[in-house]
Amino acid sequence: MLRKMILNGAKLLDSNKQHVDSLNVFPVPDGDTGTNMSLTLLSAAKEVTACPNNDISVLCEAISKGALRGARGNSGVITSQILKGMAVELAVCAEEITVKDLSRALVKGCEVAYKAVTKPQEGTILTVIRVMSEQSVKFAKRTNNVLDFFNSILKVGEETLKQTPEMLPVLKKAGVVDAGGRGLLIVFQGFYNSLMGQEEVNLEFDDSIKKVSEGKTNNYEQFHVDLTELDAIEFAYCTEFFVINLKPATKESDIDDFRDKLMAIGDCVLVIGDLSMVKVHVHTNNPGQALSYALELGEIDRIKIENMLEQNRALLAHREAEELKPYGMVSVCSGDGMAAIFKDLLVDEIIEGGQTMNPSAEDIANACDKVPANDIFVFPNNKNIILAAEQAKEISKRNIHVVPTVNVPQGLAAVLSFNPQDTLDNILESMEEARQSVRVGSVTFAVRETSVDGFDLKEGDIIGLGDKQIMAKGNNPEAVAEELVSKLVDDDISTITLYYGHTATEENAQELVGKLAEKYDMCDVDAHYGGQALYYYIIALE
């Protein structure tokens, strides 16, 4: 039942993630709370699906591990910590989980989540889980019925969610409830539905997480993994065989069931054929179980099992034997132009990400592990990625130092301040000073009609954003950018740099450079191709 609850919670959130995304406070096209939480839950669900053991402690470990590895964005990280705390408490249960156990799990989940956030903000997902956990203690004293307990905490959660606009003025101004809180309640609704037997669990992770590129044929080669990274191999044995002479009672539906069983114990599953013969390929940690499943259909033939860990051990040993340099740098950014700029500044690894595409803690840890250096500086370049970067410290082999850059210009400034001859403390201090010295604006478009920061916005309006508010509005990106600069510039500014992307063109960007250079003759004005999605211009003033 615990397994079904996690899968059903993930399924329900995934089907409602667009609604959660729409609750983003600012009407810009990066409202990805629902997507981040969904990917986090799907990662936990994937671990649970792959777990062949129904022991509660083993399942709880899978829940915690999967949620952490898939945690994306602030909302995803907080959700992963709620699940981690609950899993820690439930793991001590032997064969039965009672109402009191669930209450203790909620309290622990709340406690762990609050500890994960440096400055907890009330009126958010944290408030929702806190009130639910507090009230759960009272409910646990009144009832032993799990369904009544869940129904009660859901009602409390809904009541708390409705109050979040009163706790957080920015929510009230935007006329929305907290997106993370809504996502959390959807997950708990999924738990409740599963207990009620109202939902069938049928998750397909490939459609949500991995998609085959357009134009590829469905052939055997696409199922091979890149054998250059031992750390990337989750399932150790590449197992191939044929099922022949199928039993007379075997039906096509049995082959489909066989495929589902393989997907539960591994990945890269290929099951093709018919009642005359079936070809099988799977990456799994239990090839014997795969063969056992196949014997239920018929005879097995031409078995080939390769240990991918052994194949990679020599490569890994060679990589680890390399002399590590003192420092390395990893940056998150969106756009091929931005990536090229960071590469030119000798950043070792670039992680594709940013608005609407937050990398997980595991993505960041994997990138850091690829860098042959003792100490790695990570530049999240987005406030919604900082927590995931912090979580990466727990699963990376490197010493990670997160420089809390909230945008790309801050990241570039921090990278430019890097002096590899200096001490670690001095480098971090210089990077912090550099990132804070940059004033940043951006030009994008409104994705819904609303009134915020004194502006009445319609869908499609071009808007200029300062650090925390909308500062300009118009119908033309260049005009809005010019107005935005006028509100950000002061006598201390000596350099204005434009990074153009989305649908902005080099011609328009250079024309804007000319206007700004003429207007602010005391400043050096320049433009670079960033290629970032969703934002016409990102503007750095230093």
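Our subject in this report is the structure included herewith. In this text the structure is predicted, and so the values were computed from the model without any measurement.

### So, the overall build of the protein chain
1) Next: Across its full length, the protein chain holds 21 helices and 16 strands.
2) Next: For the protein chain, with 542 residues in total, the buried portion stands at 53%.
3) Next: At a minimum sequence separation of 6, the contacts of the protein chain that also span at least 24 residues come to 70%.
4) Next: Of the roughly 25100 Å² of accessible surface on the protein chain, a fraction of 48% belongs to carbon and sulfur atoms.

### Notes on the packing of aromatic side chains
To describe a pair of aromatic rings, you give the distance between the ring centres and the angle between the ring planes.
1) Next: Under the definition given, this model contains 8 aromatic pairs.
2) Next: Residues Y327 and F377 carry aromatic rings whose centres are separated by 5.5 Å and whose planes lie at 40 degrees to one another, so their mutual orientation is tilted. Pair noted here: Y327 is in strand β5 (residues 325-333) and F377 is in strand β7 (residues 373-379), with a separation of 50 residues, a long-range link.
3) Next: For Y327, a relative accessible area of 15% corresponds to the buried category.
4) Next: The class for F377 is buried, based on a relative accessible area of 0%.
5) Next: Through a chain of ring-to-ring contacts, three or more aromatic side chains come together here, namely F149, F150, F188 and F191.

### A word on unusual backbone geometry
1) Next: Residues other than glycine seldom take positive phi values, yet R302 does so here, at roughly 50 degrees.
2) Next: Tracing the chain through its elements places R302 in strand β4 (residues 299-307).

### Remarks on the pairing of strand β13 (residues 470-474)
1) Next: Judged by how many residues are buried, β13 sits mostly within the fold: 4 of 5 residues are covered.
2) Next: As defined by bridge partners, strand β12 (residues 462-465) adjoins β13 across 4 bridges and the pair is classed as antiparallel. Bridged to L465 within β13 is I470.
3) Next: The loop that links β12 with its antiparallel partner β13 comprises 4 residues.

### Comments concerning the packing of helix α15 (residues 336-344) against helix α18 (residues 408-416)
1) Next: α18 packs onto α15 with a crossing angle of 10 degrees between their chain directions and a minimal axis gap of 10 Å. Here α15 is positioned roughly parallel relative to α18, judged by the angle of their axes. In this structure, α15 crosses over α18, and the sense of that crossing is left-handed. Here M338, I341 and F342 of α15 lie close against α18, whose contacting residues are V408, G411, L412 and V415.
2) Next: Classifying every residue of the contact of α15 with α18 gives 6 nonpolar, 1 polar and no charged.

### Overview of the sheet that holds β5
1) Next: On the basis of which strands lie adjacent, the open sheet formed by 4 strands has the order β6-β5-β7-β8 and parallel pairing. Looking at the sheet topology across the chains shown, the edges are occupied by β6 (349-352) and β8 (399-402). Strand after strand, the sheet turns through a mean of 25 degrees between neighbouring axes, direction not considered.
2) Next: Note: β7 against β8, 4 bridges, orientation parallel. In the sheet register, I376 faces β8, and the bridge partner there is I400.

### Observations concerning the pattern of salt bridges
1) Next: Considering all chains together, one arrives at 21 salt bridges under this definition.
2) Next: Residues K84 and E394 are paired through a salt bridge, measuring 3.9 Å at the closest nitrogen-oxygen approach. A residue pair is termed long-range when its members are at least 10 positions apart, and K84 in helix α5 (residues 73-90) and E394 in the loop between α17 (386-392) and β8 qualify at 310 residues.
3) Next: Judged by its relative accessible area of 48%, E394 is partly exposed.
4) Next: With a shortest N-O distance of 2.9 Å, E432 and R435 are connected by a salt bridge. Here the residue E432 and the residue R435 both occupy positions in helix α19 (residues 424-436), the gap between them amounting to 3 residues, near one helical turn.
5) Next: Judged by relative accessible area, E432 falls into the partly exposed class, the value being 24%.
6) Next: Salt bridges sharing common partners tie together E89, D101 and R104.

### So, helix α10 (residues 179-196)
1) Next: The terminal C-alpha atoms of α10 lie 26 Å apart, and with 18 residues this matches the ideal 26 Å at 1.5 Å per residue to within 8%.
2) Next: In terms of burial, α10 is largely enclosed, as 15 of its 18 residues are buried.
3) Next: Between a side-chain oxygen at the N-terminus of α10 and the backbone nitrogen of G180 the separation is 3.3 Å; the capping residue is D178.
4) Next: Phi turns positive one or two residues past the end of α10, at G197, with a value near 70 degrees.

### Some points on helix α20 (residues 477-488)
1) Next: Taking 1.5 Å per residue as the helical rise, α20 with its 12 residues ought to reach 16 Å, and the 16 Å between its terminal C-alpha atoms agrees with that figure.
2) Next: Among all positions of α20, only P477, E478, V480, A481, L484, V485 and L488 are buried. An end-on view of α20 places all buried positions within 155 degrees of arc, on one side of the element.
3) Next: Elements that come into contact with the buried residues of α20 comprise β9 (439-445), β12, β13, β14 (495-500), α21 (506-519) and β16 (537-541).

### Overview of the side chain of T284
1) Next: Structurally, T284 is set in strand β3 (residues 277-284).
2) Next: A polar atom in the side chain of T284 sits 2.8 Å from the backbone oxygen of I265.
3) Next: In terms of polar contacts, T284 uses its side chain to reach the backbone amide nitrogen of N286, at 3.0 Å.
4) Next: Filtering out sequence-adjacent residues up to four positions away, T284 remains in contact with F235, A236, Y237, T239, I265 and G266.

### Considerations on the sheet that holds β14
1) Next: A sheet is described by the order of its strands in space; here 6 strands give the open sequence β13-β12-β9-β16-β14-β15, paired in mixed fashion. The sheet is open, and its two edges are formed by β13 and β15 (524-529), each paired on a single side. In this sheet, neighbouring strand axes are inclined to one another by 15 degrees on average, regardless of whether the strands run parallel or antiparallel.
2) Next: As paired elements, β9 and β12 share 4 bridges and run antiparallel to each other. Counterpart to V443 in the pairing with β12 is G464.
3) Next: Packing against the sheet, α15 makes contact with β14, β15 and β16, and its axis sits at approximately 115 degrees to β15.

The rules behind the values
Residues numbered from 1 in each chain as written. Predicted model: local features only at pLDDT ≥ 70, side-chain atom pairs only at ≥ 80, totals over all residues. Heavy atoms only, no water. Helix = DSSP H or I, 4+ residues; strand = E, 2+ residues; numbered from the N terminus. Buried < 20%, exposed > 50% of the residue type's maximum accessible area, 1.4 Å probe, protein only. Contact = heavy atoms within 4.5 Å. Areas by Shrake-Rupley, 256 points an atom, 1.4 Å probe, with all protein chains shown as cover. Phe/Tyr/Trp six-rings, centres within 6.5 Å; stacked < 30°, edge-to-face > 60°. Pairing = 2+ DSSP bridges. Axes fitted to C-alpha atoms, helices over the stretch in contact; angles between N-to-C directions. Parallel < 35°, antiparallel > 145°, perpendicular 65-115°, else oblique. Left-handed = near helix turned anticlockwise from the far one by under 90°. Nonpolar A, V, L, I, M, F, W, Y, C, P; charged D, E, K, R; others polar. Salt bridge = Lys/Arg side-chain N within 4 Å of Asp/Glu carboxyl O. Expected span 1.5 Å × (residues − 1). Polar contact = N/O pair within 3.5 Å; in protein donor to acceptor, adjacent residues only side chain to side chain. Arc of directions from axis to C-beta.

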